[in-house]
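This is what each chain is made of:
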Amino acid sequence: MTDTLVPRGCGAARQAEGGYFRKGCNPLAETGRSKLQNQRAALNQQILKAVRLRTGAENLLRATTNNKVREQALLELSFVNSDLQILKEELEGLNISVEVYQNIEETFSIPLIPLGLKETKEGDFTIPLKDFILEHYSEDSSDYEDEIADLMDLRQACRTPSRDESGIEMLMSYFIQLGFVENRFFSPTRQMGVLFTWYDSFTGVPVCQQNLLLEKASILFNIGALYTQIGTRCNRQTKPGLENAVDAFQRAAGILNYLKETFTHTPSYDMSPAMLSVLVKMMLAQAQECVFEQISLPGIRNEFFTLVKMAQEVAKVGEVYTLVNTAMNQAPIKANIPYSWSNMAKIKSDHYKALAHYFVATLLSDHQLHPSDDEDKQEKVWSQLHDYMPEGLTSLTILRDKVQRKRLGKAHLRKAIVYHEEALRVCGLCKQLRNIDILQEILTVAHKRSLTKYEHEQEDDFLSLMEASTVLPKTEHKVEMIVPQFSKVKVKDFFERLGPLPVFSAKQRWTVPRTINFHCQERGLGFTLKGGPPVQVHCLDPECSAALKGLKEGDYIVSINGLDSKWLGVNDVLEKFKSMGENDIEIKVISCQDTMASVHNKSATYSVGMQKTYSLICLAMEEDKINETKKATPKRSFLSWGTKNRQKAASTLCLPYAVAGSSQTKKKLDSRLTVLDTESSLY
């Protein structure tokens, strides 16, 4: 079972309404992707345990003065850090298990890199939501048990989304639903008591906080990750499959870029602006790679202008992967992103640059300028292919002179061979990439093809080795991010019975509903109505029956004779009053109290026994702008296992820990976090 429609709620009445929502994949299904996610969940728990052990050992090291105890603590730290290094390598192995996500029908395509889904722990919002409904909205919270259960079921389903459009739609539905929940229940001046826990996709370090923004940001990340998995699953041997792959990677880039721009203080490094920028570049590069495959799918004709076009298109792919590789090797990204990913970007950069030089060499060696050819057109196209020409030669000279064409063609073949050999060398240095057979086979075949062509060409002058210039990249199919359009996903607010969201939100404070019994007088109601829904009492006559019973101007009418009227407009309410005739009318009204003052809702996290997270550092930097006398804590990576931190951490390897003397930060951002349990999430 990968996608099932089940009734929403458990009551027969609810089933009769025909309300349905979509379930996720079966968490017990023995698929390759589910096994990977289960392994990721298990590794996350092991990393959490090791982090706690390390934190305890470091706290003991700082607290004790006994030399024997210090030696034991240092020994324990060395063991724990060794375990953490092994766990990190295992997690990196999961991140590069690209063959699991590829289409099984593919025969000869370089694997693409998908993102793994962020893991979370099960959470129960029932009690906090019911308490808030009772206290804030003064309604019977038991009436909303079905809505709360629907929300919990939807969250559980989002942990195992299906790898198709229905899975994307489900995640987007939950993201939009979280917007409704945030406005209705998460007050800017009150903590709900709900702890959200999400694990970093690259380091496995858990991030916990009571801010709903962590949940929303993580869901957005998983939407982008699911798009990448859909893109890698597409059949790249067909035109529709490649079109779908390009679209999926463009949408993934759009989602990740939206996450970067919307949630500026993300609480973990996999969602930090720097990391998201790299991931956006990588998704666009993979989309550009699929564009080239789409162009070359029908076959590449051995014709002058076709080869020029293909050389520039494939050079564009090499260029974007060069940018990706450069970005991946910048601090602090280099310390957190999988080493095999940067190697893969380097391999693809060299491989596609080699193909560009091979195409140029082919058009030089296999084609001659004939009298019937358009000489001016070929000269113009050739001049746009290079950034410079060999000394003493012009574009027209090379096109006309057969000897010069062959010499320059050999130069491009030599450069292609150098790039191929570099790609094979980098692939051989990475253990994870060496195990991907199809990658090794493609690189080897391309290398042998260039060598074979080079050997067939006879070198006339061994002393004159012409230098091949760089092939200028150019594409007629530039890929761009596709901005997410959440408005296309129609979502019904689970808690719409609470009333219109602009009025009945967590920011508005209301009095307890008051019951008013009155009757219509000969001259009318004694008041007018405005706005709506819900309608508001206006121009109240202080001598009318309703006013004498306690009705006040500005009150909102929420019930008429026991029937909910929160969603009724002025005309509907007046019609109900008119239908009462001279009978007594019973209404329930509420009064708006002062609106809660808004405070900043930036996402920040501080977990007991762990280093400051990325968001806390960002907030500290902002506070320094206001008060220059304070200094921000320098940012360090979650898993910086380098030697540069040995002296600071007094251990062989360095993981985050609670820094002594951080009481000021704790006062500014109170941490109400509980100790995490070791529950493992299934996928």
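Residues numbered from 1 in each chain as written. Predicted model: local features only at pLDDT ≥ 70, side-chain atom pairs only at ≥ 80, totals over all residues. Heavy atoms only, no water.

Visitor: Would you mind showing me how to read unusual backbone geometry here?
Guide: Leave glycine aside and you will find that most residues have negative phi; peptide bonds, for their part, are mostly trans. Here the amide bond leading from Ala 331 into Pro 332 is cis, since omega sits at 0 degrees, within 30 degrees of zero. With a phi close to 55 degrees, Ser 138 is a non-glycine residue in the positive phi region. Its place among the elements puts Ser 138 in the loop between α4 (126–136) and α5 (145–158). You can call Ser 138 partly exposed: its relative accessible area is 26%. One non-glycine residue, Asn 561, lies in the positive phi region at around 50 degrees. One can find Asn 561 in the loop between β8 (556–560) and β9 (563–564). Given a relative accessible area of 33%, Asn 561 falls into the partly exposed group. (Helix = DSSP H or I, 4+ residues; strand = E, 2+ residues; numbered from the N terminus. Buried < 20%, exposed > 50% of the residue type's maximum accessible area, 1.4 Å probe, protein only.)

Visitor: Help me out: how do you make sense of the environment of Arg 509 in this one?
Guide: With respect to the helices and strands, the residue Arg 509 is situated in the loop between α17 (437–456) and β5 (514–518). Measuring from C-alpha to C-alpha, the distance between Arg 509 and Gln 593 comes to 5.2 Å, with 84 residues separating the pair along the chain.

Visitor: What is the right way to read empty space enclosed by the protein from this model?
Guide: Any empty space left between the atoms is revealed when a probe the size of a water molecule rolls over them. All chains considered together, the criterion is met by six cavities of 30 Å³ or more. Forming the boundary of the largest cavity are 14 residues, of which Thr 120, Cys 158, Arg 159, Trp 198 and Asn 222 lie nearest the centre. Sort the elements by how many residues they give to the lining of the largest cavity and helix α7 (residues 212–233) lands first, with three residues. Looking at the lining of the largest cavity residue by residue, the classes come out as six nonpolar, three polar and five charged. (1 Å grid on protein atoms, 1.4 Å probe; cavity = no way out; pocket = protein on both sides within 12 Å on 5 of 7 lines; lining within 4 Å. Points joined across faces, edges and corners; volume = space filled by probe spheres on them. Nonpolar A, V, L, I, M, F, W, Y, C, P; charged D, E, K, R; others polar.)

Visitor: What should I look at first to understand the packing of α5 against helix α6 (residues 165–185) in this one?
Guide: For the pair α5 and α6, the least separation of the axes is 10 Å and the interaxial angle reads 140 degrees. Between α5 and α6, the interaxial angle falls into the category oblique. As α5 packs across α6, the resulting crossing turns out to be left-handed. Taken together, the residues of α6 that come into contact with α5 (itself represented by Leu 151, Leu 154, Arg 155, Ala 157 and Cys 158) are Met 170, Leu 171, Tyr 174, Gln 177 and Val 181. Across the contact of α5 with α6, the residue classes tally to eight nonpolar, one polar and one charged. (Axes fitted to C-alpha atoms, helices over the stretch in contact; angles between N-to-C directions. Parallel < 35°, antiparallel > 145°, perpendicular 65-115°, else oblique. Left-handed = near helix turned anticlockwise from the far one by under 90°. Contact = heavy atoms within 4.5 Å.)

Visitor: Can you help me understand the packing of aromatic side chains in this one?
Guide: Any two aromatic rings considered together are summarised by their centre-to-centre distance and by the angle between their planes. Counted under the stated rule, the structure contains 18 aromatic pairs. Taking the centre distance of 6.4 Å and the plane angle of 80 degrees together, the rings of Tyr 137 and Phe 185 count as edge-to-face. In this pair, Tyr 137 is assigned in the loop between α4 and α5 and Phe 185 in helix α6, connecting sequence segments 48 residues apart. Accessibility classification places Tyr 137 together with Phe 185 in one group, the buried group. When the ring of Trp 510 is compared with that of Tyr 556, the centres are 5.3 Å apart and the planes differ by 90 degrees; the resulting orientation is edge-to-face. A residue pair is termed long-range when its members are at least 10 positions apart, and Trp 510 in the loop between α17 and β5 and Tyr 556 in strand β8 qualify at 46 residues. The exposure classification of Trp 510 matches that of Tyr 556, with both residues buried. Chaining the aromatic ring pairs together yields one cluster made of Phe 132, Tyr 137, Phe 185 and Phe 495. In this structure, Lys 118 is placed above the aromatic ring of Phe 221, and the distance from its NZ or CZ to the ring centre is 5.7 Å. The ring of Tyr 144 has Arg 497 sitting right over it, with the charged end atom 4.4 Å from the ring centre. (Phe/Tyr/Trp six-rings, centres within 6.5 Å; stacked < 30°, edge-to-face > 60°. Lys NZ or Arg CZ within 6 Å of the ring centre and 35° of its normal.)

Visitor: What is the right way to read the pairing of strand β7 (residues 535–538) from this model?
Guide: Remember that side chains alternate between the two faces of the sheet whenever the strand is regular. Bridge analysis of strand β6 (residues 528–531) against β7 gives four bridges, and the strand direction is antiparallel. If you follow Lys 530 over to β7, its bridge partner there is Gln 536. In this structure, the hairpin formed by β6 and β7 is closed by a connection of three residues, where Gly 532 is found at a positive phi of approximately 105 degrees. (Pairing = 2+ DSSP bridges.)

Visitor: Looking at this structure, how should I read the side chain of Ser 173?
Guide: Within the secondary structure, Ser 173 is located in helix α6. For Ser 173, a relative accessible area of 15% puts it in the buried group.

Visitor: Quick question: what am I supposed to make of the nonpolar core here?
Guide: Grouped burial of nonpolar side chains is what soluble globular proteins tend to show. The biggest cluster of nonpolar side chains holds 131 residues, and the ones touching the most others in it are Phe 185, Leu 279 and Phe 495. Of all hydrophobic cores here, the second largest spans 21 residues; its members include Leu 525, Leu 529, Leu 551 and Ile 557. (Core = buried A, V, L, I, M, F, W, Y, C linked by side-chain atoms within 4.5 Å.)

Visitor: What is the right way to look at the confidence of the model for the chain in this model?
Guide: Caution applies to low-pLDDT parts of the model: their predicted coordinates are not meant to be read in detail. Confidence in the prediction of the chain, expressed as mean pLDDT, is 77, and 73% of residues score 70 or more. Low pLDDT (under 50) marks residues 1–21, which in the prediction has 38 contacts with non-local residues, meaning those over four places away or in another chain. For residues 629–683, every residue scores under 50 in pLDDT, and the model assigns this stretch 146 contacts once sequence neighbours within four places are set aside. (pLDDT = per-residue confidence, 0-100.)

Visitor: Is there a simple way to explain the side chain of Ser 268 in this structure?
Guide: Looking at where Ser 268 falls in the secondary structure, it is placed in the loop between α8 (239–262) and α9 (273–296). The class for Ser 268 is buried, based on a relative accessible area of 2%. One polar contact links Ser 268 to Asp 270, side chain to side chain, over a distance of 2.5 Å. (Polar contact = N/O pair within 3.5 Å; in protein donor to acceptor, adjacent residues only side chain to side chain.)

Visitor: Sorry, what's going on with the pattern of salt bridges here?
Guide: Close approach of charged atoms lets side chains of opposite charge pair. Counting across every chain of the model gives 19 salt bridges. With a shortest N-O distance of 2.8 Å, Asp 247 and Arg 251 are connected by a salt bridge. Note that Asp 247 and Arg 251 are positioned in helix α8 at a spacing of four residues, about one turn of the helix. Overall, the relative accessible area of 31% leaves Arg 251 in the partly exposed class. Put simply, Glu 496 and Lys 492 hold a salt bridge, and the shortest N to O gap is 3.3 Å. Because the salt bridges share partners, they merge into one network encompassing Glu 139, Asp 564 and Lys 566. (Salt bridge = Lys/Arg side-chain N within 4 Å of Asp/Glu carboxyl O.)

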